[in-house]
Amino acid sequence: MSCTHQETISDRNNWHYSGGNAADAAGDILFVLAKHSEQALVWVNHLKTCFDKITKQRGRQPFKFLHFKVDGAQITQQFVQMCKSTKLQIVIICPTLLSFSSVYLYSTFKQVLKPDCVLGMLLDVAENHMAEIHESTFPGYHKWRISSPRDVGDHDQAFVNELLGMAIDILGRVMRQQLLSSEIGNAVSEQKPQPTAHSSSAHHDTFTLFPRKVKVGQNKIIIILVEHLMKDDWIKIKIEMSNETIEITNVKRRNPYTIQFNIPDACLEISMMIGVRVEKNNIDLGCRPLKCESRLRELEQILKSQTSPVEFLCQSVGIASADRDRLDSLLLQSFQKNVPTNFHLLNSVESASGLKSLRESREY
């Protein structure tokens, strides 16, 4: 590998990465191309210009680019980590790249490429030819997004827009996954509930729940799997409560790693801890604890947080806290409206007889 480098938009003319650790050299977009392919290099420069325009139009920080110019040499472990950290990987497949041995390309790409993040661009290479060689040359090729220009030398705007659309789609998906993983990590670090009796250390790393607490109106749960789902895999989700088990029937696959479902309303009638058990192809992936809060629990927390009960009462009925006379009037009206018939508060004898006659009238 004779020329690998990272550059920012302002550092376009520097074709050599000067060093430093892999963390400092982390890029957003990786371009993989044959070192001596001029057509591939022209396309890379054109795509970089397009990415520049996108970030400038949206007022965002420019993307950082990393280049892997394939020349048949071995790559360092440091560079492998730099490639693995990128969010989008664009592979320019041309006859020059395919002139290298399949064994070398397969072993090299297996180290640096993440199939779910790869966008392949075919230059002077037919798709039927790729169908013949991809299994022995490009690992995970069936997961790539593939695009091919009609004319290699013409930067057709329709094709470029299509290519950029796929690229932005991959970037957006990866960024959302990273953001979600970061939020989950923060949530787990803030609260680490004890595992339920069904949890097992063997299942500790199979999936993660987010969020770890739900309530009425906010009962959506996302399951993030460590291993991605294949098309034919099936998932079963069960809610385990103290006295019953509920199987979730409406499960959505957002992507191969993410599953979404809603906690049933029956779990939110009272505040309690439940277990979410996940099975994949009849294999138990484990159980995770989840806290369910009812509306009464929310009301209890609100009341406990109030330092002035009178002020809270005024806010509840919609009057100013300083207008105590109006509050007294409202409370009196409410009391008179709800007091039983013939009930005399200040006369205990009459009050008792009134209540007795009231009970007798209800009995008959």
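Note that the structure is a prediction, hence the values are computed from the model and not measured.

About the thresholds
- Residues numbered from 1 in each chain as written.
- Predicted model: local features only at pLDDT ≥ 70, side-chain atom pairs only at ≥ 80, totals over all residues.
- Heavy atoms only, no water.
- Patch = residues over 30% accessible without salt bridge, like charges linked within 9 Å, V, L, I, M, F, W, Y side chains within 5 Å.
- Areas by Shrake-Rupley, 256 points an atom, 1.4 Å probe, with all protein chains shown as cover.
- Salt bridge = Lys/Arg side-chain N within 4 Å of Asp/Glu carboxyl O.
- Helix = DSSP H or I, 4+ residues; strand = E, 2+ residues; numbered from the N terminus.
- Buried < 20%, exposed > 50% of the residue type's maximum accessible area, 1.4 Å probe, protein only.
- Pairing = 2+ DSSP bridges.
- Axes fitted to C-alpha atoms, helices over the stretch in contact; angles between N-to-C directions.
- Parallel < 35°, antiparallel > 145°, perpendicular 65-115°, else oblique.
- Contact = heavy atoms within 4.5 Å.
- Nonpolar A, V, L, I, M, F, W, Y, C, P; charged D, E, K, R; others polar.
- Phe/Tyr/Trp six-rings, centres within 6.5 Å; stacked < 30°, edge-to-face > 60°.
- Lys NZ or Arg CZ within 6 Å of the ring centre and 35° of its normal.

1. Brief notes about a nonpolar patch on the surface
A cluster of nonpolar side chains, contributed by Leu-313, Val-317, Leu-330 and Leu-331, occupies part of the molecular surface with about 290 Å² of accessible area. If you list the elements that add at least two residues to the nonpolar patch, you get α8 (309-317) and α9 (324-338). If you trace the backbone, Leu-331 turns up in helix α9.

2. A short note on the pairing of strand β2 (residues 29-34)
Judged by how many residues are buried, β2 sits mostly within the fold: six of six residues are covered. Alternating residues of β2 divide into Ile-29, Phe-31 and Leu-33 and Leu-30, Val-32 and Ala-34, and every residue in both groups is buried. As judged from the six bridges shared by β2 and strand β3 (residues 65-70), these two strands associate in the parallel manner. Among the inter-strand pairings, Phe-31 is bridged to a residue of β3, identified as His-67.

3. As for the pattern of salt bridges
Under the defined criterion, the tally for this structure stands at seven salt bridges. Across the pair Lys-87 and Asp-28 runs a salt bridge, and its minimum N-O distance is 3.0 Å. Taken together, the residues span a long stretch of sequence, with Lys-87 in the loop between α2 (77-84) and β4 (88-93) and Asp-28 in the loop between β1 (4-7) and β2 at a distance of 59 residues. For Lys-87, a relative accessible area of 14% puts it in the buried group. The exposure class of Asp-28 is buried, given its relative accessible area of 14%. A salt bridge links Lys-291 to Glu-293; the nearest nitrogen and oxygen atoms lie 3.7 Å apart.

4. Quick word on the packing of α2 against helix α4 (residues 102-112)
Following both chains from N to C, one finds α2 and α4 inclined at 60°, their axes separated by 8 Å at the closest point. Classified by the interaxial angle, the pair formed by α2 and α4 is oblique. Two secondary-structure elements touch here, α2 through Val-80, Cys-83 and Lys-84 and α4 through Lys-110, Gln-111 and Val-112. For the contact of α2 with α4, the residue count by class is three nonpolar, one polar and two charged.

5. A look at the packing of aromatic side chains
Under the defined criterion, the tally for this structure stands at 10 aromatic pairs. Measuring from centroid to centroid gives 5.5 Å for Phe-68 and Phe-79, while their planes differ by 70°, and the two rings are edge-to-face. Of the two residues, Phe-68 is situated in strand β3 and Phe-79 in helix α2; the sequence distance between them amounts to 11 residues. Ring centres of Phe-138 and Tyr-141 lie 6.2 Å apart, and the angle between their planes is 40°; on these two criteria the pair is classed as tilted. What makes Phe-138 buried here is its relative accessible area of 1%. One aromatic cluster is present, formed by Phe-31, Phe-51, Phe-63 and Phe-65 through successive ring pairs. Over the face of the ring belonging to Phe-207 we find Arg-288, whose NZ or CZ atom lies 4.2 Å from the ring centre.

6. Some thoughts on unusual backbone geometry
In most cases, non-glycine residues show a negative phi, while peptide bonds are predominantly trans. In the segment running from Phe-210 into Pro-211, the intervening peptide bond is cis, with an omega of -5°. Along the chain, Pro-211 turns up in the loop between β7 (207-210) and β8 (213-215). Despite not being glycine, Asp-124 has its phi angle at roughly 60°, a positive value. Structurally, the position occupied by Asp-124 is in the loop between β5 (118-122) and α5 (127-137). Although it is not a glycine, Asn-282 adopts a positive phi angle of roughly 70°. Position of Asn-282 relative to the elements: it lies in the loop between β14 (272-280) and β15 (283-293). By relative accessible area, Asn-282 is classed as exposed at 62%.

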